[in-house]
Amino acid sequence: MDSFFYLVIFAGAVAGASTGLLGVYIVGMRMPFIGTCISHAAMAGTIFAVVAHLNPSAGAIAASVITSISLAAIRPEKSRLDTNVGLAILFSLMLGLTFLGMGLVRGSRSEVLSLLWGSILFVQTKTAVTITIMTLILVVFTIVFNKEMKVLLFSRSIAAATGVHESFVYCLFLALCGVILAVNLKLIGGLMIFSLITNPAAAAYQICRGHKSAVFTATLFGMLSAVIGFMVSYYLDLPSGACIVVVSTMFFGACALYRTARKRAD
Amino acid sequence: MKGSCLNLSGTQVKRSGRTILDIDNLRISSGEFIGIIGANGAGKTTLLKLCCGLIKPSRGTIEFDNTDLAAMSIWSKSNLRKRIGYIPQATEYNSELPFTLREVVAMGRTSVKPLLSRLNRDDYEHIDYWIDKLGLTSRRNQTFRTLSGGEQQKALLARAMSQTPAVLMLDEPCSNLDFNWKYQITDIIDELYQSATGGHITVLMVSHETGLLPANCNRIILLREGRILADDVPEKVLKSDAIEEAYQCRIETVEIDGRKYTISKRYSNS
């Protein structure tokens with residue numbers, strides 16, 4: 001294997017780990033659709049940055065953060081809107097803006113289209129470093145706000161009613177979500193990010209006992225999905241993104257089967 | 001005279017132009033055990049959520065410990081709410097996550113600890129005290145989702161108590177439980193109220209069934225269409241014409257072991 005692929009494997013492992021970890025909270029809060037929504041916001045941000053001759057990455061991050069934070073406006077107690085319905089509305093807006101922006105782009109659209117599928121094989125050291133830094137920030141966030149995030153996962157109503165600084169922590173989390181998804185997008189693409197957020201976390205929730213165990217398991221599953229998926233694609237000469245998605249789904253399938261078997265044994 | 005804990009004055013909550021709660025004046029003193037009853041849609045849960053600041057009034061004021069909630073910043077309001085132990089209805093918490101019972105009870109300590117701090121040994125001793133006190137010792141490391149409905153409710157009570165609350169707000173804590181568990185849970189609530197430090201915990205309990213209000217419940221607020229129809233000691237409220245008006249049926253009250261049960265009978269059509 002060419003030494004360049006070590007960078008690809010490293011970047012894939014870090015991206016898989018960060019989306020797996022993020023997924024524990026996103027799936028736990030029952031809003032897995034946020035991945036697709038924010039990735040389209042990042043695409044819209046990139047396109048409009050290109051149109052306005054600004055930095056495309058900055059455009060992607062700004063649009064992602066604005067979109068994710070706007071979700072905080074949907075309050076479980078005050079709004080009749082379910083978070084997922086809110087996400088669907090935001091998604092449709094972002095999709096519309098993306099296509100609108102595409103119509104405005106003159107010349108090559110490759111930068112924008114690469115965000116849809118990702119380009120793990122063309123990862124640059126700079127991208128790998130950015131993803132690693134953001135993953136470390138996410139890890140620090142989950143350690144520092146561990147006790148608050150647990151209450152938010154369990155019940156935002158309880159968190160709000162009992163004086164946990166719920167709005168503040170939730171907004172911070174959403175902003176971090178926006179940045180992490182935007183930086184990962186370049187590598188794993190908008191279509192794959194949804195699988196890497198949902199499958200490892202959903203698999204961990206099938207078999208784990210305790211929050212800490214779910215966090216470690218989902219992070220590990222996310223990392224392994226990316227690494228194993230890439231290795232399979234390399235040796236069998238198959239599309240890497242598709243292999244990573246299939247592996248992450250297989251993790252979920254195996255965990256669901258294990259849980260069923262364990263229930264029957266009990 | 002006991003100090004005022006909650007004070008609602010000219011408080012209205014409107015949704016889509018419709019008034020769903022309209023309270024002229026309501027004063028709740030520290031140490032009271034208040035049962036909130038009324039038919040479906042009477043505004044019981046809305047009143048409870050209003051008291052803990054989960055929803056804002058469209059008009060009027062809510063004072064918590066003589067402090068107007070509307071005049072407070074979000075941050076100060078959060079700090080004030082650390083004194084509220086709240087148990088919502090089952091639909092408002094995610095019981096499918098793999099939290100252990102101890103993790104759920106520990107969430108009560110999260111409320112009283114500042115941001116950026118971690119739970120320490122003292123906190124965990126407090127958490128374990130409430131797990132043991134509510135008879136959940138053998139379930140400590142079991143996941144919350146595998147507990148029975150009654151045990152889950154006990155765990156939520158332990159969570160609320162580990163917060164050392166000044167006010168306990170309970171929204172139908174016995175819904176979806178069988179008879180045995182319903183009485184077990186209300187007995188525990190009664191015991192917690194009695195044994196609370198210096199008897200200074202205030203309890204607000206929403207219940208559909210008057211028989212589930214413990215013997216120590218010393219005041220009942222009867223709601224109908226968002227308004228207070230009666231507010232008095234249980235003996236008077238449950239034997240008043242107001243309760244028949246609220247539920248639109250004939251109601252008789254019998255007392256067994258200090259609990260007051262209501263028996264309803266439909267008005268005949270003739």
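For the structure itself, consult the block above.
First, a word on what this report is: a plain description of the structure on this page. (Residues numbered from 1 in each chain as written. Chains lettered and ligands numbered in written order. Predicted model: local features only at pLDDT ≥ 70, side-chain atom pairs only at ≥ 80, totals over all residues. Heavy atoms only, no water.)

1. Some words on the overall build of chain A
Okay, step 1: Secondary structure assignment for chain A yields 11 helices and 0 strands.
Okay, step 2: Mapped in sequence order, the helices and strands of chain A form the string α-α-α-α-α-α-α-α-α-α-α.
Okay, step 3: A compact globule built from 266 residues should have a C-alpha radius of gyration of about 18 Å, and chain A, at 18 Å, falls within 12% of that.
Okay, step 4: Overall, the C-alpha framework of chain A stretches about 60 × 45 × 30 Å when taken along its three principal axes.
Okay, step 5: Of the contacts formed within chain A by residues at least 6 apart in sequence, a portion of 77% connects residues at least 24 apart.
Okay, step 6: Each charge class in chain A can be summarised by its mean position, and for the 17 positive and 8 negative side chains these summaries are 6 Å apart. (Helix = DSSP H or I, 4+ residues; strand = E, 2+ residues; numbered from the N terminus. Rg over C-alpha atoms; globule rule 2.2 N^0.38 Å. Contact = heavy atoms within 4.5 Å. Lys, Arg positive; Asp, Glu negative; His and termini not counted. Charge placed at Lys NZ, Arg CZ, Asp CG, Glu CD.)

2. Observations regarding the packing of aromatic side chains
Geometrically, a pair of aromatic rings is defined through the distance of the ring centres and the angle of the planes.
Okay, step 1: In total, this model carries 17 aromatic pairs over all chains according to the counting rule given.
Okay, step 2: Relative to Tyr193(B), the ring of Phe33(B) lies with its centre 5.2 Å away and its plane at 85°, an arrangement referred to as edge-to-face. Note that Phe33(B) is positioned in strand 3 (residues 33–38) and Tyr193(B) in helix 6 (residues 179–195), a separation of 160 residues in sequence.
Okay, step 3: Looking at Phe33(B), the relative accessible area reads 0%, which means it is buried.
Okay, step 4: What links up through ring pairs into an aromatic cluster is the set Tyr25(A), Phe141(A), Phe145(A), Phe168(A), Phe173(A) and Trp75(B). (Phe/Tyr/Trp six-rings, centres within 6.5 Å; stacked < 30°, edge-to-face > 60°. Buried < 20%, exposed > 50% of the residue type's maximum accessible area, 1.4 Å probe, protein only.)

3. Comments concerning empty space enclosed by the protein
All names here are of chain B.
Okay, step 1: Counted according to the given criterion, the structure contains 2 cavities of 30 Å³ or more.
Okay, step 2: One number sums up the size of the largest cavity: a volume of about 70 Å³.
Okay, step 3: For the largest cavity, the full set of lining residues is Thr 210, Leu 213, Pro 214, Ala 215, Cys 217, Ile 220, Pro 234, Leu 238, Gly 258 and Lys 260.
Okay, step 4: The wall of the second largest cavity is formed by Cys 51, Cys 52, Gly 53, Phe 64, Leu 69, Lys 77, Leu 80, Arg 81 and Ile 84.
Okay, step 5: The element contributing the most residues to the lining of the second largest cavity is helix 2 (residues 74–81), with 3 residues. (1 Å grid on protein atoms, 1.4 Å probe; cavity = no way out; pocket = protein on both sides within 12 Å on 5 of 7 lines; lining within 4 Å. Points joined across faces, edges and corners; volume = space filled by probe spheres on them.)

4. Section: the environment of Ala226(A)
Residue and element names in this part refer to chain A.
Okay, step 1: Mapped onto the secondary structure, Ala 226 falls in helix 10 (residues 211–236).
Okay, step 2: By relative accessible area, which is 5% here, Ala 226 ends up buried.
Okay, step 3: The residues touching Ala 226, leaving out its near neighbours within four places in the chain, are Gly 12, Ala 13, Gly 16 and Ile 244.

5. Section: the nonpolar core
Okay, step 1: Grouped together as the largest cluster of nonpolar side chains are 158 residues, with contacts concentrated most on Phe173(A) and Met169(B).
Okay, step 2: Examining the composition of this core, we find that 22 residues originate from one element, helix 9 (residues 166–207) of chain A, more than from any other.
Okay, step 3: Those residues within four positions of Phe173(A) in sequence are excluded, and the remaining contacts are Leu22(A), Tyr25(A), Ile26(A), Met29(A), Met31(A), Phe141(A) and Met149(A).
Okay, step 4: Counting 5 residues, the second-largest nonpolar core is a separate cluster that includes Phe221(A), Val247(A), Phe251(A) and Cys255(A). (Core = buried A, V, L, I, M, F, W, Y, C linked by side-chain atoms within 4.5 Å.)

6. With respect to helix 1 (residues 4–28) of chain A
Okay, step 1: Counted at 1.5 Å a residue, the expected span for helix 1 of chain A with its 25 residues is 36 Å, and the 36 Å between its end C-alpha atoms agrees.
Okay, step 2: Most pronounced at Leu22(A), the bend in helix 1 of chain A amounts to some 30°. (Expected span 1.5 Å × (residues − 1). Bend = angle between axes of the 7 residues up to and from the residue.)

7. Remarks on the state of the cysteines
Okay, step 1: This model, assessed by the stated rule, comprises 0 disulfides over all chains.
Okay, step 2: Cys37(A) forms no disulfide, and the closest cysteine sulfur to it belongs to Cys177(A), at a distance of 11 Å.
Okay, step 3: With no disulfide of its own, Cys249(B) has Cys217(B) as its nearest cysteine by sulfur position, at a separation of 20 Å. (Disulfide = S-S within 2.5 Å.)

8. Looking at the packing of helix 6 (residues 125–144) of chain A against helix 9 of chain A
All names here are of chain A.
Okay, step 1: Viewed as axis vectors pointing N to C, helix 6 and helix 9 meet at an angle of 160°, and their least axial separation amounts to 10 Å. Judged by the inter-axis angle, helix 6 sits roughly antiparallel to helix 9. Here helix 6 runs over helix 9; the crossing is left-handed. Listed contacts from helix 9 to Thr 127, Thr 130, Ile 131, Met 134, Ile 137, Leu 138 and Phe 141 of helix 6 are Val 169, Leu 172, Phe 173, Leu 176, Val 179, Ile 180, Val 183, Asn 184, Lys 186 and Leu 187.
Okay, step 2: When grouped by side-chain class, the residues that make up the contact of helix 6 with helix 9 number 13 nonpolar, 3 polar and 1 charged. (Axes fitted to C-alpha atoms, helices over the stretch in contact; angles between N-to-C directions. Parallel < 35°, antiparallel > 145°, perpendicular 65-115°, else oblique. Left-handed = near helix turned anticlockwise from the far one by under 90°. Nonpolar A, V, L, I, M, F, W, Y, C, P; charged D, E, K, R; others polar.)

9. Considerations on a nonpolar patch on the surface
All names here are of chain A.
Okay, step 1: Together, Phe 48, Val 51, Leu 100 and Leu 104 give the surface a local cluster of nonpolar side chains, amounting to about 320 Å² of exposed area.
Okay, step 2: Elements represented by at least two residues in the nonpolar patch include exactly helix 2 (34–51) and helix 4 (83–104).
Okay, step 3: With respect to the secondary-structure elements, Val 51 resides in helix 2. (Patch = residues over 30% accessible without salt bridge, like charges linked within 9 Å, V, L, I, M, F, W, Y side chains within 5 Å. Areas by Shrake-Rupley, 256 points an atom, 1.4 Å probe, with all protein chains shown as cover. Salt bridge = Lys/Arg side-chain N within 4 Å of Asp/Glu carboxyl O.)

10. What to know about the packing of helix 1 of chain A against helix 6 of chain A
All names here are of chain A.
Okay, step 1: At a closest axis distance of 10 Å, the pairing of helix 1 and helix 6 adopts a crossing angle of 30°. Judged by the angle between their axes, helix 1 and helix 6 are roughly parallel. Helix-helix and strand crossings are classified by hand; for helix 1 and helix 6 the assignment is left-handed. Judged by residue contacts, Leu 7, Phe 10, Ala 11, Val 14, Ala 15, Ser 18, Leu 21, Leu 22 and Tyr 25 of helix 1 engage Thr 125, Ala 128, Ile 131, Thr 132, Thr 135, Leu 138, Val 139 and Thr 142 from helix 6.

11. Brief notes about helix 1 (residues 44–51) of chain B
Residue and element names in this part refer to chain B.
Okay, step 1: Most of helix 1 sits inside the fold, with 7 of its 8 residues counted as buried.
Okay, step 2: Listed in full, the buried residues belonging to helix 1 are Lys 44, Thr 46, Leu 47, Leu 48, Lys 49, Leu 50 and Cys 51.
Okay, step 3: With its phi angle positive at about 80°, Gly 53 sits one or two positions after the end of helix 1.

12. A short note on the side chain of Asn94(B)
Okay, step 1: As for its position among the elements, Asn94(B) is in the loop between strand 6 (84–87) and helix 3 (101–112).
Okay, step 2: By relative accessible area, which is 7% here, Asn94(B) ends up buried.
Okay, step 3: At a separation of 2.7 Å, a polar atom in the side chain of Asn94(B) contacts the side chain of Arg30(A).
Okay, step 4: When residues no more than four places from it in sequence are discounted, the contact partners of Asn94(B) are Gly28(A), Arg30(A), Leu153(A) and Phe154(A). (Polar contact = N/O pair within 3.5 Å; in protein donor to acceptor, adjacent residues only side chain to side chain.)

13. Concerning the layout of surface pockets
Okay, step 1: Here the second largest pocket is characterised by a volume of approximately 740 Å³.
Okay, step 2: Surrounding the second largest pocket, 28 residues form its lining, Asn146(A), Lys150(A), His211(A), Lys212(A) and Arg118(B) being those nearest its centre.
Okay, step 3: At the level of elements, helix 1, helix 6, helix 7 (146–154) and helix 10 of chain A together with helix 3 of chain B are the ones that each hand at least two residues to the lining of the second largest pocket.
Okay, step 4: For the lining of the second largest pocket, the element with the highest residue contribution is helix 10 of chain A, accounting for 6 residues.

14. Looking at the pairing of strand 8 (residues 202–206) of chain B
Residues and elements named next belong to chain B.
Okay, step 1: For strand 8, the buried fraction is high: 5 of the 5 residues fall into the buried class.
Okay, step 2: Burial along strand 8 is two-sided: Thr 202, Leu 204 and Val 206 facing one way and Val 203 and Met 205 facing the other are all buried.
Okay, step 3: In this sheet, strand 8 lies alongside strand 3 in parallel orientation, the contact comprising 4 bridges. Looking at strand 8, one finds that Ile 36 is bridged to Val 206.
Okay, step 4: Note: strand 7 (residues 167–171) against strand 8, 5 bridges, orientation parallel. Across the sheet, Met 169 pairs through a bridge with Leu 204, a residue of strand 8. (Pairing = 2+ DSSP bridges.)

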